[in-house]
Amino acid sequence: DASSPSGSCFSVGASSPGALVLLYSKELKKWDEFEDILEERRHVSDLKFAMKCYTPLVYKGIPPCKPSDIKCSVLDSEEVRYVIKQLSKETLQPVDVLQGEACEILDEMSHKLHLGAIRFFAFTLSKIFKQIFSKVCVNEEGIQKLQRAVQQHPVVLLPSHRSYIDFLMLSFLLYSCDLPVPVIAAGMDFLGMKVVGQLLRMSGAFFMRRTFGGDRLYWAVFSAYVKTMLRALEFSTLQYSRRPFLPVFTGLLNIVMEPFFKREVFDTYLVPISISYDKILEETLYAYELLGVPKPRESTTGLLKARRILSENFGNIYVYFGEPVSLRSLAAGRMSRSPYNLVPRYIPQKQSEDMHAFVTEVAYRMQLLQIQNLVLSPWTLVVTVLLQNQPSLHLDALVEKTVWLRGLAQAFGGFLAWPENEPAEDVIQASILLHSNIASLANDRVVLRVASADSDVVDGLLLQHVTLLMCSAYRNQLLNVFVRPSLVALALQMTPGARKEEIYSCFRFLRDMFSDEFIFFPGNTVKDFEEGCYLLCKTETIYVAAGNILVTEKGDTVLEFLRGLFEPFVECYQIICQYLLKEREDYFTEKQYLARVRTFTSQLLDQGTSQCYDVLSSDVQKNALAAMVRLGMVEKRKVDNEFLFNVNEPATSKLEETLAWDVKSKQASQRKIFSFASSLYAEGGGPALNHGCGYVPQPDEDKSSSWKCPQVRNTLGKKLIIVCEIFQ
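Residues numbered from 1 in each chain as written. Predicted model: local features only at pLDDT ≥ 70, side-chain atom pairs only at ≥ 80, totals over all residues. Heavy atoms only, no water.

As recorded in an unreviewed UniProt entry, the chain goes by the name Dihydroxyacetone phosphate acyltransferase, listed as coming from Pteropus alecto. Its UniProt record, at the heading Subcellular location (unreviewed entry), says of the chain: "Peroxisome membrane". Its UniProt record, at the heading Sequence similarities (unreviewed entry), says of the chain: "Belongs to the GPAT/DAPAT family." (UniProt positions renumbered as here; feature names shortened; annotations may be inferred.)

See below:
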């Protein structure tokens, strides 16, 4: 980006619309490709389904390895034996003792895939899913491509993760489609569940620690285990946290890529999978977690207590299997495998900078593909409108605004699950009924359940805050569709002039600041800016002329909405800057930061100083701290295996002033100026003020009607703004 000329790096405008259409137009997905797999389950015995003849497609007819064979292969691998010898020399521990530790690690980690357990889960899950879900929609084309892929090379499934249901649903789908049930990377938390933990192990789950620390033996065993399964052409699933967590994702990808780069397999297919929910089972639990309440430990007792969900309705699930991506194709012309030929395969190598960059790029690419194929339910649109129109909204107005938002989301490439041939009002009322714990309809007004919750306290937390964070979690699903045009909209508002280069600079700053909140491909700042501008041009919100980005006559409505979507994030970061400037300690840990910033923000909300409830989210607080470190506002250093933070007050103060820029005040002043310009032009002052805007009214032309020309209006308005600022 830095090397691109400021004037020539953009292609937004009337000169090259065709190129941009080719770059950014997204193929509309057809709903007739989706099949409800529960439809057949409702008409066939669950026992018959579980006991069906299960003959999954495998690589060239070769039967998969037994779990015991994989275990022996790992313990006998040169990689594990080499690390054990090295540790024995360094720690003076006998080799036999270290081999025993490796065997214990493998016993704790490895799966014991058994067909009987798979059939048990097929029977049980079929009954549960039919009870709590209306539909489970899967794209048939994706399943067909997956069936072909598993017969050619090792396949790694990369599903998005929003719920504990994800990996169970994935195994259930693949069993239904006669595909191999995958081995699944799961957290150690599940292993502590009596009976259930062992059932998960027998259904294909292998367990990994959340962090490996400096345990070289554990890392060697885990790495060898995953690579052995790939070499044995197992069907693997990597699952990561609910929010995309790049370091974990990148680390796992690095392991599964290594056999390809060491020429142990010819190729590996990566399959991004997007799983979307109308209603998430753990929505309340997730909100409590964001508010700092520790996540309850997974246990069989807790699972039995949660059986009350069997009486609830959670709507539909949408599972979209993306195009299998060849690792060989991604690496072609990008990465050379020759450096791996210089060292024996079993000796661990430090990852080169080029390899790290490549793995990171692949991780970003896979996550962007997941985001692109996520399905948006009507509720995400409804709750977005409600959050911008609190505390209540008339049903007719809600329907009108939601239908408008649906059109905008589709124009921006959103993948919407909107029932066809149903009145919009019926669809919206059905969504409200599905989420009756969050919103209600009374006297033709839709109300979020927060108005009467001020005095309701649960576990020391206001129920109002819990409800609003649940709403934000659903709204945030929509943000990935709008993030680029929204950042352009914010940049337009924050930039004094209309020059494209200046607006791009502001866009780049916002993109860098929010890069922990949203997934942006590294080095694609210009392309992201062009996409945002193209989508706004496509919806006739802006137009580009003579190096300026100008707002059309009907563009204010779209820009106001887009800014309203992202202004909460700007305010969150501003509030966190205010806290950091008041931080009295020279150095503090992340744990101390989270506790103190939560207290600070709660006080602002209680005093009514702010209404930005998103700042209570621990995700936002952590992402803001990471952004401050990256942008140089906060210094991060490691002392005694603990990270300490120190505030750079001048830089933080400057950022706080930038974010504190009063958007609403500027909007109001601009409206007054434009109104003044309109009346002035009608009174005959137009020709003098219009000098240089490229438009000259004819002698017999009504001057007041000339004000309708967007170019005239924008030029006059901006000139008058400059005049007013000078006089101020």
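Now that the structure has been shown, we can carry on.
Together, Asp396, Glu400, Glu422, Glu425, Asp426 and Asp444 line one region of the surface with negative charge. Of all the elements in the fold, those that place two or more residues in the negative patch are α18 (395–411) and α19 (424–434). Along the polypeptide, Asp426 turns up in helix α19. Judged by relative accessible area, which is 44%, Asp426 ranks as partly exposed. (Patch = residues over 30% accessible without salt bridge, like charges linked within 9 Å, V, L, I, M, F, W, Y side chains within 5 Å. Areas by Shrake-Rupley, 256 points an atom, 1.4 Å probe, with all protein chains shown as cover. Salt bridge = Lys/Arg side-chain N within 4 Å of Asp/Glu carboxyl O. Lys, Arg positive; Asp, Glu negative; His and termini not counted. Charge placed at Lys NZ, Arg CZ, Asp CG, Glu CD. Helix = DSSP H or I, 4+ residues; strand = E, 2+ residues; numbered from the N terminus. Buried < 20%, exposed > 50% of the residue type's maximum accessible area, 1.4 Å probe, protein only.)

A few words now on the pairing of strand β18 (residues 642–647). Bridge count between strand β17 (residues 634–639) and β18: six bridges; the pairing is antiparallel. Bridge pairing in β18 places Arg637 opposite Leu644. In this antiparallel pair of consecutive strands, β17 and β18, the connection spans two residues, and Asp640 shows a positive phi of 55°. (Pairing = 2+ DSSP bridges.)

Nonpolar side chains tend to gather and get buried jointly when the protein is soluble and globular. Phe133, Met169, Phe321, Phe482, Tyr573 and Tyr593 are the most contacted members of the largest nonpolar core, which has 157 residues in total. If you tally residues by element for this core, the top one is helix α20 (residues 463–494), at 18 residues. Setting aside chain neighbours within four positions, we find Met169 in contact with Phe129, Phe133, Val136, Ile317 and Val319. If you look at the next biggest cluster of nonpolar residues, it comprises 50 residues, including Leu217, Tyr218, Val221 and Phe358. (Core = buried A, V, L, I, M, F, W, Y, C linked by side-chain atoms within 4.5 Å. Contact = heavy atoms within 4.5 Å.)

Our next topic: unusual backbone geometry. In this structure, the amide linkage connecting Gln390 to the following residue, Pro391, adopts the cis form with an omega of 5°. Positionally, Pro391 belongs in the loop between α17 (378–387) and β10 (392–394). The phi dihedral of Glu540 is positive, around 55°, even though this residue is not glycine. Looking at where Glu540 falls in the secondary structure, it is placed in the loop between α22 (525–538) and β15 (542–545). Although it is not a glycine, Ala546 sits at a positive phi angle of roughly 55°.

One face of the sheet, then the other: side chains in a regular strand alternate in exactly this way. Pairing of β15 with strand β16 (residues 548–551), which is carried by four bridges, proceeds in the antiparallel orientation. In the strand pairing of β16, Ala545 is matched with Asn548. Turn length for the β15-β16 hairpin, with the two strands adjacent in sequence and antiparallel, is two residues, and the turn residue Ala546 shows positive phi of about 55°.

Right, let's get into the packing of aromatic side chains. Taken as a whole, this structure holds 28 aromatic pairs when the rule is applied. With 5.9 Å between their ring centres and 75° between their planes, Phe482 and Phe561 make a pair best called edge-to-face. With Phe482 in helix α20 and Phe561 in helix α23 (residues 555–582), this residue pair connects regions lying 79 residues apart in the sequence. For Phe561, a relative accessible area of 8% translates into the label buried. With 5.9 Å between their ring centres and 35° between their planes, Phe566 and Phe569 make a pair best called tilted. Of this pair, Phe566 and Phe569 both sit in helix α23, three residues apart, which is roughly one turn of the helix. Of the two residues, Phe566 and Phe569, neither departs from the other in class, the shared state being buried. Aromatic ring contacts, followed pair by pair, group Phe49, Tyr54, Phe129, Phe133, Phe172 and Tyr175 into a single cluster. If you follow Arg41 out to its NZ or CZ, it ends over the ring of Phe49, 3.9 Å from the centre. When the ring centre of Phe260 is taken as reference, the NZ or CZ atom of Arg337 above it lies at 4.4 Å. (Phe/Tyr/Trp six-rings, centres within 6.5 Å; stacked < 30°, edge-to-face > 60°. Lys NZ or Arg CZ within 6 Å of the ring centre and 35° of its normal.)

Turning to its location among the elements, Arg42 is positioned in the loop between α2 (37–41) and α3 (46–50). Along the backbone, Arg42 and Ser126 are 84 residues apart, and their C-alpha atoms lie at a distance of 9.1 Å. At 3.0 Å, the side chain of Arg42 forms a polar contact with the backbone oxygen of Phe133. (Polar contact = N/O pair within 3.5 Å; in protein donor to acceptor, adjacent residues only side chain to side chain.)

Once that is clear, we can look at the packing of helix α21 (residues 500–513) against α22. If you want to describe how two helices pack, look at the angle between their axes and the distance between the axes. At their nearest, the axes of α21 and α22 sit 10 Å apart, and the two run at 110° to each other. Comparing their axes, α22 and α21 come out roughly perpendicular. In terms of crossing hand, the pair formed by α21 and α22 is right-handed. In contact with Lys500, Ile503, Tyr504, Phe507, Arg508 and Arg511 of α21, α22 contributes Thr525, Val526, Asp528 and Phe529. Of the residues that constitute the contact of α21 with α22, the class distribution is five nonpolar, one polar and four charged. (Axes fitted to C-alpha atoms, helices over the stretch in contact; angles between N-to-C directions. Parallel < 35°, antiparallel > 145°, perpendicular 65-115°, else oblique. Left-handed = near helix turned anticlockwise from the far one by under 90°. Nonpolar A, V, L, I, M, F, W, Y, C, P; charged D, E, K, R; others polar.)

Before going further, it helps to examine the packing of helix α4 (residues 67–75) against helix α6 (residues 95–109). For the pair α4 and α6, the least separation of the axes is 11 Å and the interaxial angle reads 150°. Considering the relative orientation of α4 and α6, their crossing is right-handed. Here Lys71, Val74 and Leu75 of α4 come into contact with α6, specifically with Ala102, Cys103, Leu106 and Asp107. Per-class residue counts for the contact of α4 with α6 are five nonpolar, no polar and two charged.

Going through the model one piece at a time under the given rule, you end up with 22 salt bridges. Linking Arg484 and Glu531 is a salt bridge whose minimum nitrogen-to-oxygen distance equals 3.8 Å. Remark: Glu531 occurs in helix α22 and Arg484 occurs in helix α20; sequence separation between them is 47 residues. In this structure, Arg484 and Glu531 share a single accessibility class: buried. With a shortest N-O distance of 2.8 Å, Glu635 and Arg637 are connected by a salt bridge. Residue Arg637 is classed as partly exposed on the basis of its relative accessible area of 36%. Three or more residues joined by partner-sharing salt bridges are found here, namely Glu79, Lys227, Glu258 and Lys262.

In this structure, Phe314 sits in the loop between α14 (300–305) and β8 (316–321). What Phe314 contacts, discounting residues up to four positions off in sequence, is Ile132, Phe133, Asp278, Lys279, Ile280, Leu281, Ile309 and Leu434.

The predicted structure's coordinates, where accompanied by low pLDDT, should not be read in detail. Chain-level statistics for the chain give a pLDDT mean of 82 and a share of 81% at 70 or above. Here residues 1–27 scores under 50 on pLDDT; set against residues more than four positions off or in separate chains, the count is 37 contacts. Overall, residues 662–715 carries pLDDT values under 50, and its contacts beyond four positions in sequence, including any with other chains, amount to 68 contacts. (pLDDT = per-residue confidence, 0-100.)

What the three strands build is an open sheet, ordered β10-β12-β11; its pairing is antiparallel. The open sheet has two free edges, formed respectively by β10 and β11 (439–442), since each of these has just one partner strand. Pairwise comparison of adjacent strand axes, ignoring direction, gives a mean angle of 20° for this sheet. Where β10 and strand β12 (residues 445–448) come together, three bridges link them in antiparallel fashion. Along β12, the bridge assignment pairs His394 with Arg445. The strands touched by α18 are β10, β11 and β12; relative to β10, the strand with the most contacts, the crossing angle is about 90°.

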